[in-house]
Each structure stands twice: as C-alpha cells, then as structure tokens.
Amino acid sequence: MSEYRLQTPLTDEDVMKLRAGDVVLLSGLIYSARDAAHKKIVEALDRGEAPPFPLEGAAIYYVGPAPAPPGRPIGSAGPTTSYRMDAYAPRLHRLGVKATIGKGRRNEEVKQALKDCKAVYFGATGGAGALLSQRIEKSRVIAFEELGPEAVRAMKVTDFPLLVVNDAFGGELYVKPNLDLGA
Amino acid sequence: MRELDASVVIKAVEAMCIKANTELGDDVRKKFEDGLRLETSAAAREILRQLLENADLAMQTKLPLCQDTGLAVFFVELGEGLRIRGGGLVEAINQGMRQGYEKGYLRKSSCDPLSRKNTGDNSPAVVHLELVPGDGLKIAFMAKGGGSENMSRVTMLAPAQGWEGIKAFVLRRVAEAGPNPCPPVILGLGVGGTFELAPKLAKKALLRRLDDTHPDPKVAAMEAELLEEVNRLGIGPMGMGGLTTCLGVKIAFAPCHIASLPLAVNVQCHSSRHEEVVL
Ligand code: SF4
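Small disclaimer: the values here were computed from a predicted structure and weren't measured.

### As for the domain arrangement of chain B
Residue and element names in this part refer to chain B. Domain boundaries in chain B define domain 1 (2-22 + 65-144) and domain 2 (147-273). For domain 1 versus domain 2, the separation of C-alpha centres amounts to 25 Å. Domain 1 puts twelve residues into the contact, and the matching count from domain 2 is nine residues. Elements that contribute at least two residues to the side of domain 1 that touches domain 2 include exactly α1 (6-22), β2 (71-79) and β5 (137-144). Looking at which element gives the most residues to the side of domain 1 that touches domain 2, the answer is β5, with four residues. Counted by class, the side of domain 1 that touches domain 2 contains eight nonpolar, two polar and two charged residues.

### Re the site of the ligand
Close contacts around the ligand come from 13 residues, with G127 of chain A together with G145, G147, C182 and C269 of chain B the closest. Residue neighbours of the ligand fall on chains A and B, so the site bridges chains. Classifying every residue of the shell around the ligand gives four nonpolar, eight polar and one charged.

### Describing the sheet that holds β5 of chain B
Residues and elements named next belong to chain B. As summarised here, the arrangement of the four strands in space is β4-β2-β5-β10, forming an open sheet in which the pairing is mixed. Each edge of the open sheet is held by one strand with a lone partner, namely β4 (126-132) and β10 (273-278). Each neighbouring strand pair of the sheet contributes to a mean axis angle of 10°, computed without reference to strand direction. Looking at chain direction, β2 and β5 are connected through eight bridges and run antiparallel. From the neighbouring strand, E77 faces β5, where its bridge partner is K138.

### A word on the interface of chain B and chain A
Contacts between chain B and chain A engage 43 residues on the former and 39 residues on the latter. When contributions to the side of chain B that touches chain A are tallied by element, the ones reaching two or more residues are α3 (42-61) and α6 (162-177) of chain B. Sort the elements by how many residues they give to the side of chain B that touches chain A and α3 of chain B lands first, with ten residues. Its residues placed into classes, the side of chain B that touches chain A shows 21 nonpolar, 15 polar and seven charged.

### Observations regarding helix α2 (residues 26-38) of chain B
Residue and element names in this part refer to chain B. With 13 residues, α2 should cover 18 Å at 1.5 Å per step; its first-to-last C-alpha distance of 18 Å lies within 8% of that length. If you check which residues of α2 are buried, you get V28, K31, F32 and G35. For α2, the buried positions fall inside an angular range of 105° around the axis, keeping them on one side. Among the exposed residues of α2, those pointing more than 90 degrees away from its buried face are D26, E33 and R37. Among the structural elements, α3 and β8 (246-254) are those in contact with the buried residues of α2.

What counts, and where the lines are drawn
- Residues numbered from 1 in each chain as written.
- Chains lettered and ligands numbered in written order.
- Predicted model: local features only at pLDDT ≥ 70, side-chain atom pairs only at ≥ 80, totals over all residues.
- Domains from an automatic or database assignment.
- Contact = placed C-beta atoms within 7 Å.
- Helix = DSSP H or I, 4+ residues; strand = E, 2+ residues; numbered from the N terminus.
- Nonpolar A, V, L, I, M, F, W, Y, C, P; charged D, E, K, R; others polar.
- Near = placed C-beta within 6 Å.
- Pairing = 2+ DSSP bridges.
- Axes fitted to C-alpha atoms, helices over the stretch in contact; angles between N-to-C directions.
- Expected span 1.5 Å × (residues − 1).
- Buried ≥ 20, exposed ≤ 12 C-beta atoms within 10 Å, placed from the backbone.
- Arc of directions from axis to C-beta.

See the structure below:
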C-alpha cells in the first residue's frame, strides 16, 4: 500500500502507478455530478454539444453537497453510492475522464472501462461529509443550477483523502463477504 | 383535555433536526472506538479514525455529519387526552422540519419519484402517528439516508423457515449490499405483522440505543447471535475488510397471520442520526 499526492488533470502515468489499496491525496479541480447531472451531460453529448467541463484528465466526484453555511465554500460533502452512475461511466472514461470518486461497488462494464481507458475508481469515506468538506477550498456551480444539490460544481480541493478501490489492472479493494452468494 | 401550542412542536422539531444531524450519538461514537481497538488492517483503521474525526468536526463546525441529511422520518406517540392548539400536529411537524433543514444548512433530498423534481424544502416528512393513553406527546426523529435505505428489503418468508430462515435472509442481504450502505451498518428487523407493518417495526427498532439490551432475554440473545454472525462476514468499514461490519442488531416482533412470516430488514448506516423529545 503506497501513498501518492496527485494533481488534476490526471494523466495515464498517474493512473498506471496506482494499485487497489493505495492512499491518494488529490489536489486541484474536481467536478461534482450525480445521476441527474450525468443524464444531462450524456444528453448534451448526444446533441453534439460540449460537456460542462473538460473531460480530458477529469476526476468526477459523485456528491450532492449540503448547502454552504455563511463563511464556508460548501457544506458537508461526502460521496454518494456509485452504482447509480455505472450506466454513464464507461462512455465518460472513453472520452477522457481519468477518475471517479464515490462509494460502493461498480459493475463489470465500469471495471472493464477502467482497464481499457487507463482510469481509476477512488473511494472516499461515506458519511464523513463534514471532514471531507474541510478539504474543499472553493466550489462554484458551473452547470444545471436547477438541480439544486445535484448541480455540477467545480471544486478546488487540497489533499482530498482517497483510497484506490478499482485500479486500471483489474485490482479491487472491496472484500468478498464470507458467504456463498451463488452465481 | 390538555392543550399544547403548535408552536412548541415546531420549535422542538426544528431543534431536533439540527441536533441529530450534527451531533453523533455517544453510543455510536463508542462503537467506533471499540472498532478501532479491534481492527488491524490499515484501511479499516483509517476509516474509523476518519469517522471519529468527522464527528468531532461536525460538532465544532455545526456542519452535518453526512451531506445526505436524509428524508425526515418521525415516530409520534400522541396521548388521547392531548389537543394541539393553533394548527394541526402533522403540519407543525412539517413546519419544524422545514425550518430545521433550512436553518441548519441541511440538504433537501425529497423529490418527485418520476420527474425527480426536488420539493425544495425536504417535505413532506414521513410521519408515523400512534395514539396512546394519557395526555403526553413523544416525537422521535430520524434522518434516513438514501444509500442505506436503498439496501433495505421486505420479504414474506414461509413460516417453516423460522429463525434460521430469518438469519439466512439477513446475512445474504448484508453480504449483497457490501460496501454500498456505508458499513459499519446497524440493522433494524421487523418480524411478523403484515406486509406494511414489518418495515415500520424495523425502522422503529433503529431508534433504540446501540448499547441497550432488549428487555426480553430471548430476543436479546437473538440480537447478539445475529450481530456476531453478521460481523463474521468480514465486510468491514466501508467494505474494505475487517471485523466491524455491524454495530448493532435491533429486532421488533409482532404477531402475524398463520400463513405468513413477514420480515423487513431496514439497513441503517453508521451515520445513525436520531433524537427524541417528550412535550
Ligand atoms: S448511507 Fe448514510 S453515511 Fe452513507 S452517504 Fe448515505 S446517509 Fe451518509
């Protein structure tokens, strides 16, 4: 288990040194999007329009933050469950997205896309929203304001604490439970 | 007939919503500390350490523990001899909830099921009302997050499946849910009743303190047995492996039809946020 400090936008080289279980402290701009925003991004791409942020090297954070109290850039901001974005992730990886940040298992298509596109899935600690918000220095809604907590935000983070859950080599940090679940 | 002003209810509910979302219960915190003593893997220890730090930070900054401040669920016991003056009880609860979610900078997570349009103020609250003897009013509030709620299930077992069948269903459910509901989890079980009663019992069971013991020794033994078996799954904090998969199992029973054995498993995440007030 190694520890890395990485800066966005992420490169192939950044991703290829990571293995499941590594600790990553991520800095730079990351973009928030949940299911509703993903749907709109993909619809925009279908219409041939530009996505709301550059996809090349991007890290997408699956988060719908709580409102910012006065004097803070953002409210509590921990990860949401990632499987709801599985339908969209492979396409975004093919267009250059290098990392997604969330919690919970991904499906086989996403894991395959990580291998094919040299990308990585990070886990942030679910339910640690107050702690994670301290590592977000700036936040600005850049698209789909009407979605409220689900709008797309550009967030400037410093040393955002992550664990590599799925790497680009098929490695996974989540354990298999001690129970035969059948096929 | 005792009378209580609706404004008293509104104020109390507002305060509960904010407190529950920003102050982690000492029973939950104690379980994190126990887990930290037990765990040896680096990832499990790091996550429990983050959760303790998160609880401290939430307390200091008044930021909610988790950004998913949930749908607002209330269990209300209304004395038959009490009348609410100056407005309806359910409206007062909703009003207090809206104010709490606004003033506490809590996230509004309620939306139309199909258009997905946010209602904007976290309303409506889910209110379970029970009439009880006396003239008191007890309101319990739970902020129920979506991640763990999505992993919950109701099933109608065959009576012959009994306790073994119940355990098998629960173990399978927790194993399948894996990292998704933010383990370590807390499990509320409703056993018996009807199709709609079982999940209500399961949710209400989640209002119990983690360190309480069920007054019926037989049920207490079942809770302990299932807790141990769930922890043997090895899922660990956030699914990264370890001994701390579940912090508590709380079971509520109700008589059921001779033909059925309803079972509801309400999965609660470690961010178990609830408060209650007696007015
Ligand atoms: S499951 Fe619980 S701790 Fe996890 S994100 Fe949802 S509300 Fe927060």
